[in-house]
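Descriptive structure summary
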Amino acid sequence: MNILLFHSLKESAGASEIRIPVDQPLHASELWNLVLNAYPGLEPYRKHTRMACNQSYVTDETLIYPRDEIALIPPVSGG
Amino acid sequence: MNMKLDILLTHQPIVLKDWLETPGPQEGAQVFFSGHVRDLENSKTIQALVYQAYEPMAEKELERLAREICLQHPVTQAQITHRLGTIAVTEAAVAIRVVAAHRSEALEFVRIFMDRLKQDVPIWKTGSLP
């Protein structure tokens, strides 16, 4: 599963996408744990970062499927 | 109530003089707001700000917010544009025009929409030009 990164997360990881092996549905909170295990440098951003699935924000309980489009959204600053 | 909704993300300048139109016969209020780049950012003088977005989600969030706010503050038209890329000082980064039967709905819609945009829509100021 490819996960899109933006703004501060993209700078921290040095990439606009990261890849996490996922082959079955899992909750968003579980996916977060996989991300942080693979990229511990993102841990400081966790508290203020929201996950989106197919361009909508998720809760910890949202079920994620391997082919979903996932993005990590740091605090926004538009307007 | 059906709302005529027009949402745009663009890399082109927002031309303010093109925005105001005469409302329809049952529309008693039109409210326009534009947000502009100032020459001070984090206490430093700048020439421009650079905006980026997760564009497909930003468009969906702008629409979601507009439809959600319209349930509480019904407006008949909402036109929303956010510019991306490099935006010079004094230029508009965002513009919103709403039309409603009465001014209270239109004013509240714009106030709440701008607050929510700054919380939820995945658009970022990614840098500034000194």
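Our structure's up above, just so we're on the same page.
By convention here, each chain's residues receive numbers from 1 onward along its written sequence. To label them, take the chains in the order written and letter them from A, then take the ligands in the order written and number them from 1. Whole-chain, interface and lining totals are the exception, using all residues; otherwise, since this is a predicted model, local features are given only for residues with pLDDT of at least 70 and side-chain atom pairs are given and counted only at 80 or more. Only hydrogens and water are removed before side-chain values are computed, so all heavy atoms of the structure are retained for them.

Re helix α2 (residues 103–120) of chain B
- Secondary structure elements follow DSSP: runs of H or I no shorter than four residues count as helices, runs of E no shorter than two count as strands, and numbering proceeds from the N terminus. To estimate how far a helix should reach, multiply one less than its number of residues by 1.5 Å. Over its 18 residues, α2(B) extends 25 Å from the first C-alpha to the last, a length consistent with the 26 Å expected when each residue adds 1.5 Å.
- Where the residues of α2(B) are buried, they touch β4 (50–53) and β5 (56–57) of chain A together with β2 (29–36), α1 (55–72), β6 (77–83) and β8 (92–100) of chain B. Any two residues having at least one pair of non-hydrogen atoms within 4.5 Å are treated as being in contact.

A closer look at the packing of aromatic side chains
- Centres within 6.5 Å make a pair out of two Phe, Tyr or Trp rings, where for Trp the six-membered ring is used; the pair is then stacked when the planes are under 30 degrees apart, edge-to-face when over 60, and tilted otherwise. Tallied over the full model, the rule gives four aromatic pairs over all chains.
- The interplanar angle of 15° and the centroid separation of 5.2 Å between the aromatic rings of Phe6(A) and Trp124(B) together place this pair among those described as stacked. You can see Phe6(A) sitting in the loop between β1 (2–5) and α1 (7–13) and its partner Trp124(B) sitting in strand β9 (residues 123–129), one on each of two chains.
- Throughout this description, buried means an accessible area under 20% of the type-specific maximum (1.4 Å probe, protein chains only), exposed means over 50%, and partly exposed covers the range between. Residue class for Trp124(B) comes out buried when judged on its relative accessible area of 1%.
- By way of ring pairs, the aromatic residues Phe6(A), Tyr54(B) and Trp124(B) are connected into one cluster.
- Criterion for a charge above a ring: Arg CZ or Lys NZ at most 6 Å from the ring centre, at most 35 degrees from the ring normal. A cation over a ring is seen here: Arg50(A) above Tyr57(A), with NZ or CZ 3.9 Å from the ring centre.

Some words on the sheet that holds β6(B)
Residue and element names in this part refer to chain B.
- Paired strands, as defined in this entry, are two strands with at least two bridges between them according to DSSP. Spatially, four strands are ordered β1-β6-β8-β2 in an open sheet, and the strand pairing comes out mixed. Each having just a single partner strand, β1 (4–10) and β2 make up the two edges of the open sheet. Here the average twist between neighbouring strands, direction ignored, is 5°.
- Pairing analysis gives eight bridges linking β2 to β8, with the strands arranged antiparallel. Considered in β8, the bridge of glycine 35 is made with valine 94.
- Axes here refer to lines fitted to C-alpha atoms; in helices the fit is confined to the stretch in contact. Angles between the N-to-C directions go from 0 to 180 degrees. Running over the sheet, α1 touches β1 and β6 and is turned about 150° from β1.
- Sitting on the sheet, α2 is in contact with β2, β6 and β8, with an inclination near 150° to β8.

Remarks on the sheet that holds strand β2 (residues 17–19) of chain A
All names here are of chain A.
- Strand order across the open sheet formed by five strands is β2-β1-β7-β4-β5, with mixed pairing between neighbours. Both outer strands of the open sheet, β2 and β5, are each paired with one neighbouring strand and no more.
- As defined by bridge partners, β1 adjoins strand β7 (residues 70–73) across three bridges and the pair is classed as parallel. When the sheet's bridge partners are listed, leucine 5 is paired in β7 with leucine 72.

Fair warning: the whole summary comes from geometry, so function is off the table for now.
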